[in-house]
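# Coordinate inspection notes
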Amino acid sequence: MRAWRWLRDTARAFWRQFNRPATHLSLGFLTLGGFIAGIVFWGGFNTALEATNTETFCVSCHEMNDNVFEELKTTIHYSNRSGVRATCPDCHVPHDWTDKMGRKMQASKEVWGKIFRTIDTREKFLEHRLELAQHEWARLKANDSLECRNCHDYDSMDLTRQASRAAFVHRNYLATGEATCIDCHKGIAHRLPDMTGVPQGVQAGASLPSPH
Amino acid sequence: MRHAMKPVSCLLAGLALALSLAACGERAPEPEVKRPAPPISARGNPAQEIDGMRRHVPVDVEITPLPMATVENFDRTRGRAYPMQPPTIPHSIDGYQVDLNSNRCMLCHARSAAASFQAPPVSVTHYMDRDDQFLAEVSPRRYFCVQCHVTQTDAQPLVANGFMDIDEVLRSERAQ
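Computed from a predicted model, the values in this text were never measured in an experiment.

## As for the overall build of chain B
When its secondary structure is counted, chain B shows four helices and zero strands. Ordering the α and β elements of chain B from the N terminus gives α-α-α-α. Buried positions account for 9% of the 176 residues belonging to chain B. Of the contacts made within chain B by residues no fewer than 6 positions apart, 39% connect residues no fewer than 24 positions apart.

## Some remarks on the domain arrangement of chain A
Residues and elements named next belong to chain A. Partitioning chain A into domains gives domain 1 (43–151) and domain 2 (152–187). Of note, the centres of domain 1 and domain 2, computed from C-alpha atoms alone, are 24 Å apart. Listed by partner, the interface residues are eight residues for domain 1 and six residues for domain 2. Top element by residues in the side of domain 1 that touches domain 2 is helix 8 (residues 122–142). It accounts for three residues. The class makeup of the residues in the side of domain 1 that touches domain 2 is four nonpolar, one polar and three charged.

## A few points about the interface of chain A and chain B
A common way to state how big an interface is: give the accessible area lost once the parts meet. Contact residues are listed per partner, giving 16 residues for chain A and 12 residues for chain B. The element best represented in the side of chain A that touches chain B is helix 10 (residues 164–174) of chain A, accounting for four residues. When the residues that make up the side of chain A that touches chain B are grouped by side-chain class, the tally is eight nonpolar, five polar and three charged.

## As for the nonpolar core
In this structure, Val 169, Tyr 173, Leu 174, Ala 179, Cys 184 and Val 202 of chain A together with Phe 117 and Ala 119 of chain B together form the largest nonpolar core, which totals eight residues. The dominant element in this core, judged by the number of residues it contributes, is helix 10 of chain A, at three residues. Excluding its chain neighbours within four sequence positions, the residues that come into contact with Ala 119 of chain B are Cys 108, His 109 and Ala 114 of chain B. In this structure, Cys 105, Met 106, Val 138 and Cys 145 of chain B belong to the second largest nonpolar core, which totals six residues.

Reading guide: rules and limits
- Residues numbered from 1 in each chain as written.
- Chains lettered and ligands numbered in written order.
- Predicted model: local features only at pLDDT ≥ 70, side-chain atom pairs only at ≥ 80, totals over all residues.
- Helix = DSSP H or I, 4+ residues; strand = E, 2+ residues; numbered from the N terminus.
- Buried ≥ 20, exposed ≤ 12 C-beta atoms within 10 Å, placed from the backbone.
- Contact = placed C-beta atoms within 7 Å.
- Domains from an automatic or database assignment.
- Nonpolar A, V, L, I, M, F, W, Y, C, P; charged D, E, K, R; others polar.
- Core = buried A, V, L, I, M, F, W, Y, C linked by C-beta atoms within 7 Å.

Here you go:
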């Protein structure tokens, strides 16, 4: 009862203060100040957000630097003939603002994991690898491999320039929507965990309802 | 005349400032990158040299490596170069993970997946254990594909191969 009364009094006092017209500050100061503060806060927020959206930020944790980043380095997404490469956020953070915010909120779990050292050794990481990978597969399956398609557009794929087996599979399964990129390309950028019982290839495409 | 001088002096001052700033910036010297010398050989065509490492060039002469051969990636089955040869892989297998955790080859070449990918299925013998019992999956002793099946590059053969298969031998004997 006492706590309730205290809460009510505090809220009322706050509202009274908040609702009262300013006695010393001018309208110009308040509007312009609010405008400038808005710019500063919004800009600061976006700058901080973008700073967490860089590869240097990701690999500043040894968990990422020693495990997944090391593995990425040998793949085509890091080193290739033309030198165009994907960084961590290109595949792991959605590009659209709303989805990005959602993912960033989910990422607070990763901060938790960092603080409580869930994967701070190679052994612990390997133990959790299947679970971690399954999260990413589920995400890419649910959004029809959106992060792949940010760069790899089926309409721009020249199938005649692909190896014939790749062209065959893409024409028969990707184009028809029977399978999405991640169904066949699990482990494209990192080593795979024990895949016993995990469907790969066209079986993976058939095992879940297609988003099309 | 004085009006005309003003922009000129401004320009001069600007130039002097730019020059002094450029002189101040102490930049680390760029690492010197040398263009590789063309591959050499003491006996003619370096690609045909059997001594691949030094190519018979004296040890006090610097050797540049030959261009790396590219893996053939045309998806056409090759003939065998000797009897019982394991079929060679007619495509590149860059980044294919074949280890305890996963076998990328079996994604397409497993007997259950071969039809949907139009890939040649693995022979049934690969599903048999050493007691000739058939297993549901590829046998552990056949699991590591590249132990026998390998890719081919476009490198020049260093030694000529005079292999004739038995049909050819019989045909030539019959012709005599």
